[in-house]
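Residue-level listing of the chains:
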Amino acid sequence: MKKRILLAGIGLATLLQVGAAAAAEEMGTAISDLGHAWAKVYYLTPEKQREAQYPALVAQADALARQYPAKAEPMVWQAIILSSYAGAKGGLGALDLAEKARDIAMAAVKIDEKALDAGALTSLGVLYYKVPGWPIGFGSDKKAKEYLDRALAIAPGALDVNYFYGDFMIEQGEKAKAREFLEKALQAPARPGREDADAGRKQEIQEDLAKLNG
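Residues numbered from 1 in each chain as written. Predicted model: local features only at pLDDT ≥ 70, side-chain atom pairs only at ≥ 80, totals over all residues. Heavy atoms only, no water.

This part is about the overall build of the chain. On a plain count of helices and strands, the chain comes out with nine helices and zero strands. Starting at the N terminus and walking to the C terminus, you meet the elements of the chain as α-α-α-α-α-α-α-α-α. In the chain, of all internal contacts separated by at least 6 residues, the share reaching a separation of at least 24 is 60%. Carbon and sulfur atoms make up 57% of the accessible area of the chain, which amounts to about 11,900 Å² in all. (Helix = DSSP H or I, 4+ residues; strand = E, 2+ residues; numbered from the N terminus. Contact = heavy atoms within 4.5 Å. Areas by Shrake-Rupley, 256 points an atom, 1.4 Å probe, with all protein chains shown as cover.)

Written out as structure tokens, the structure is:
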């Protein structure tokens, strides 16, 4: 009898592991699809047409986050897409989007700050140096550096955090440090399944390096 109970327990555990693996694979596929859709809008869509494309991406990201409420990865993509939408929208009308992106990224950090190469921390760093400071917005160079430092400590060789740290250093007038981070970003390993985003990001890196060398 004990042996039967033990075998039943092992069988149940195996089924649970298989189910968890299948769910993780399903979520990974959905996130990959969302990433490709974002890259198409962000890198391949003409600038004047981008803003109109973001509401559909926001809805897709929101649906994915509702499907996996305990996971940080969908929330990271919510923050990325909302931040990109804010950038495309521009002006004071973008502030609500930026604030929502900040709040979601902060919630993702509480769940798993390491998810997607510290993607939530990186997003927070970007938001804090891109958004105007008080009294217009919540921007803060000090907080931007704090979040980017935390992201860098978790994912020191990651493409995005090194690119954005370099871009932040350009805004700070720290050209030598900017070049260091940007060149490190160029050496980041390829991300399987994100070839389109990698190509677009590395083009941005080359543009920033050109600014430094100009």
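Trp 38 and Ile 81 are the most contacted members of the largest nonpolar core, which totals 65 residues. Ignoring sequence-local partners within four residues, the contact set of Trp 38 consists of Tyr 43, Tyr 54, Leu 57, Trp 77, Ile 80, Ile 81, Ser 84, Arg 194, Ala 197 and Arg 201. (Core = buried A, V, L, I, M, F, W, Y, C linked by side-chain atoms within 4.5 Å. Buried < 20%, exposed > 50% of the residue type's maximum accessible area, 1.4 Å probe, protein only.)

On to the packing of helix α7 (residues 159–171) against helix α8 (residues 175–186). Contact geometry of α7 with α8 gives a least axis separation of 8 Å together with a crossing angle of 160 degrees. Classified by the angle between their axes, α7 and α8 sit roughly antiparallel to one another. For the element pair α7 and α8, the recorded crossing hand is left-handed. Along the contact surface, α7 presents Leu 159, Asn 162, Tyr 163, Tyr 165, Gly 166, Asp 167, Met 169 and Ile 170, while α8 presents Lys 177, Ala 178, Phe 181, Leu 182, Lys 184 and Ala 185. Of the residues contributing to the contact of α7 with α8, the split by class is nine nonpolar, two polar and three charged. (Axes fitted to C-alpha atoms, helices over the stretch in contact; angles between N-to-C directions. Parallel < 35°, antiparallel > 145°, perpendicular 65-115°, else oblique. Left-handed = near helix turned anticlockwise from the far one by under 90°. Nonpolar A, V, L, I, M, F, W, Y, C, P; charged D, E, K, R; others polar.)

A separate point is the packing of aromatic side chains. Summed over the entire model, instances satisfying the criterion amount to 11 aromatic pairs. Here the aromatic rings of Tyr 165 and Phe 181 are separated by 4.3 Å at their centres, their planes lie at 10 degrees, and the arrangement is stacked. One end of the pair, Tyr 165, is in helix α7; the other, Phe 181, is in helix α8, with 16 residues separating them in the sequence. Ring-pair connections join several aromatic residues into one group, and the members of that group are Trp 38, Tyr 42, Tyr 43 and Trp 77. The ring of Phe 138 is capped by Arg 102, whose NZ or CZ atom sits 4.5 Å from the centre of that ring. (Phe/Tyr/Trp six-rings, centres within 6.5 Å; stacked < 30°, edge-to-face > 60°. Lys NZ or Arg CZ within 6 Å of the ring centre and 35° of its normal.)

The residue Leu 159 is located in helix α7 in this model. When its relative accessible area of 4% is taken as the criterion, Leu 159 is described as buried. Along the primary structure Leu 159 and Lys 202 are separated by 43 residues, whereas in three dimensions their C-alpha atoms are 8.7 Å apart. Leaving out residues up to four positions away in the same chain, Leu 159 has contacts with Ala 185, Ala 188, Arg 191, Asp 198, Arg 201, Lys 202 and Ile 205.

Oppositely charged side chains can form a pair if their charged atoms are brought close together. In this structure the tally under the stated criterion is 10 salt bridges. The residue Asp 103 makes a salt bridge to Arg 102 at a minimum N-O spacing of 3.1 Å. Owing to a relative accessible area of 42%, Asp 103 belongs among the partly exposed residues under this scheme. For Arg 102, a relative accessible area of 18% translates into the label buried. (Salt bridge = Lys/Arg side-chain N within 4 Å of Asp/Glu carboxyl O.)

To continue, consider α8. Helix length check: α8, at 12 residues, gives a terminal C-alpha distance of 16 Å against a target of 16 Å (1.5 Å per residue), a fit within 8%. Considered for burial, the residues of α8 that qualify are Ala 178, Phe 181, Leu 182 and Ala 185. One face of α8 carries all of its buried residues, which in axial projection span an arc of 100 degrees. What points out from α8, more than 90 degrees from its buried face, is the exposed set Ala 176 and Glu 180. Buried residues in α8 make contact with α6 (141–154), α7 and α9 (195–213). (Expected span 1.5 Å × (residues − 1). Arc of directions from axis to C-beta.)

Turning to unusual backbone geometry, a few remarks are in order. Residue Trp 134 is joined to Pro 135 through a cis peptide bond whose omega torsion reads 10 degrees. In this fold, Pro 135 is placed in the loop between α5 (115–130) and α6. Notably, Leu 116 is not glycine yet its phi reads approximately 50 degrees, a positive angle. Position of Leu 116 relative to the elements: it lies in helix α5. Even without being glycine, Asp 117 reaches a positive phi, approximately 55 degrees. Looking at where Asp 117 falls in the secondary structure, it is placed in helix α5.

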